[in-house]
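Coordinate inspection notes
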Amino acid sequence: MTKIAVCGAAGRMGQRIIVAAREAGCTVSGALERPGHEMVGQDAGLIAGCGALGIAISDDLNAVVEGCDVLIDFTTPKVSLKNLEVCALKKKSIVIGSTGFTPEERALAVELARDIPAVLAPNMSVGVNVCFKILKDVAKTLGDDFDVEIVELHHNKKKDAPSGTAVRMGEVVAEALGRDYNKVATYHREGICGERTKEEIGMQTVRGGDIVGEHTVYFIGMGERIEISHRAMTRDMFSRGSVRAAQWVVGKQPGLYDMQDVLGLK
Ligand SMILES: NC(=O)c1ccc[n+]([C@@H]2O[C@H](COP(=O)([O-])OP(=O)(O)OC[C@H]3O[C@@H](n4cnc5c(N)ncnc54)[C@H](O)[C@@H]3O)[C@@H](O)[C@H]2O)c1
Ligand SMILES: O=C(O)C1=N[C@H](C(=O)O)CCC1
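Residues numbered from 1 in each chain as written. Chains lettered and ligands numbered in written order. Predicted model: local features only at pLDDT ≥ 70, side-chain atom pairs only at ≥ 80, totals over all residues. Heavy atoms only, no water.

Where an unreviewed UniProt entry is consulted, the protein chain appears under the name 4-hydroxy-tetrahydrodipicolinate reductase, with the organism given as Geobacter anodireducens. Note on the protein chain: under the UniProt heading Pathway (unreviewed entry), the record states "Amino-acid biosynthesis; L-lysine biosynthesis via DAP pathway; (S)-tetrahydrodipicolinate from L-aspartate: step 4/4." (UniProt positions renumbered as here; feature names shortened; annotations may be inferred.)

As for the confidence of the model for the protein chain
Chain-level statistics for the protein chain give a pLDDT mean of 98 and a share of 100% at 70 or above. The ipTM for the predicted assembly is 0.99, set against a pTM of 0.98. (pLDDT = per-residue confidence, 0-100.)

Digging into the domain arrangement of the protein chain
How big an interface is tends to be stated in terms of accessible area lost as the parts join. As far as domains go, the protein chain holds domain 1 (3-124 + 235-263) and domain 2 (126-232). In this structure, domain 1 and domain 2 have C-alpha centres spaced 28 Å apart. Listed per partner, the contact involves 15 residues of domain 1 and 13 residues of domain 2. In this assembly, domain 1 packs against domain 2 so that about 1,300 Å² is buried in total across both faces, 52% of it on carbon and sulfur atoms. Our count for the domain 1 to domain 2 interface comes out at five residue pairs in polar contact (both at pLDDT 80 or more). Breaking the side of domain 1 that touches domain 2 down by element, the ones donating at least two residues are α9 (236-249) and α10 (259-263). (Domains from an automatic or database assignment. Contact = heavy atoms within 4.5 Å. Buried area = accessible area lost by both parts, 1.4 Å probe. Polar contact = N/O pair within 3.5 Å; in protein donor to acceptor, adjacent residues only side chain to side chain. Helix = DSSP H or I, 4+ residues; strand = E, 2+ residues; numbered from the N terminus.)

Laid out in C-alpha cells, this is it:
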C-alpha cells in the first residue's frame, strides 16, 4: 500500500485528496498545513469529512516527509519548491499540483527533481490531458489560417491567472504552430490596441463564485470556428488523478514527469 502524505491538507484540494487516497486503498501517512493554520493538530480525516484517520494535521515538513513514500502537494509554487527540495534530500517521491510557476521556478523544479521521481502537472484530470493531445493535432492541422484564443473560468478564491491549464494549452498550441508561447501570449487588450496579429494567442481570465474550472480554446477562421472545451463539475477527478500519479511515480527513474507520462498519452 502506497504511503501518501498530503501537503495543503486543509485546502480545497487537500481535503479531496485525502478522501481519494483512502478510496484508492492507499495509507494516508501524514497531513501538512502551514505553521499557524487553525487546523494544525486536528484529525486530517475529520477535516476532510471521511471519518477519523488518527493522523493529526502537522506543520513539521521533515517528519511528515520522512514517514511517507510520496508527498502530494497542492499549495503554491514557493511552498512546492521547498517540498521538492526536502523530498530530494530524503529520497522520497513527490506529486505537485500547484499552479502559477514562473519559467524560472519551473526550471528550478527540473533541477531539484534530478535525483528523485517527481510529477508536476497543472491539471490531473484525464479529460484535460486528452484535450492537450487533441489540441496539438488540431493546431497542427489548421496551421496559421485560424486565430487562437483561450478563455478560462474559475472560482473567486483562485490566486493565479491565467490558470496553469490555460497556460499549458497555450504552450501546446504554440509549440504545434512553431511559435514561442512567451512571445505570442497576449494577456491584455485595451483602448486602440491595433489589429490582431496572426501569431498572437489571446489568454482571457474570468473569476467568480464557485466555478470549479472551465477552459475553451477557440480556433477562429473565416466563416467557421472550432471550440474545444473542458468543464470540471467537481474537484474529484483532480484528486483521483493526483493519487493515480502518486501510485505511478513511486519507484520510477529520477526526473520530472507530467500527467501525460502518468496516463501514457505521450
Ligand atoms: N493540478 C491540478 O489538477 C489542480 C487542480 C486544482 C487546483 N490546483 C492548484 O492547486 C493549488 C491549491 O489549490 P486549492 O484550491 O486547494 O487552494 P487552497 O488555498 O484551498 O489550499 C491550499 C492549502 O495550502 C496550504 N498551505 C499554504 N502554505 C503551506 C505550507 N507552507 N505548508 C503546508 N500547507 C500550506 C494553505 O493553508 C491551504 O490550506 C493551486 O495552485 C491551484 O491552482 C491544481
Ligand atoms: O481551482 C484551481 O485553482 C484550479 N487550478 C488548476 C489550474 O490553474 O489550471 C486546475 C483547475 C482548478
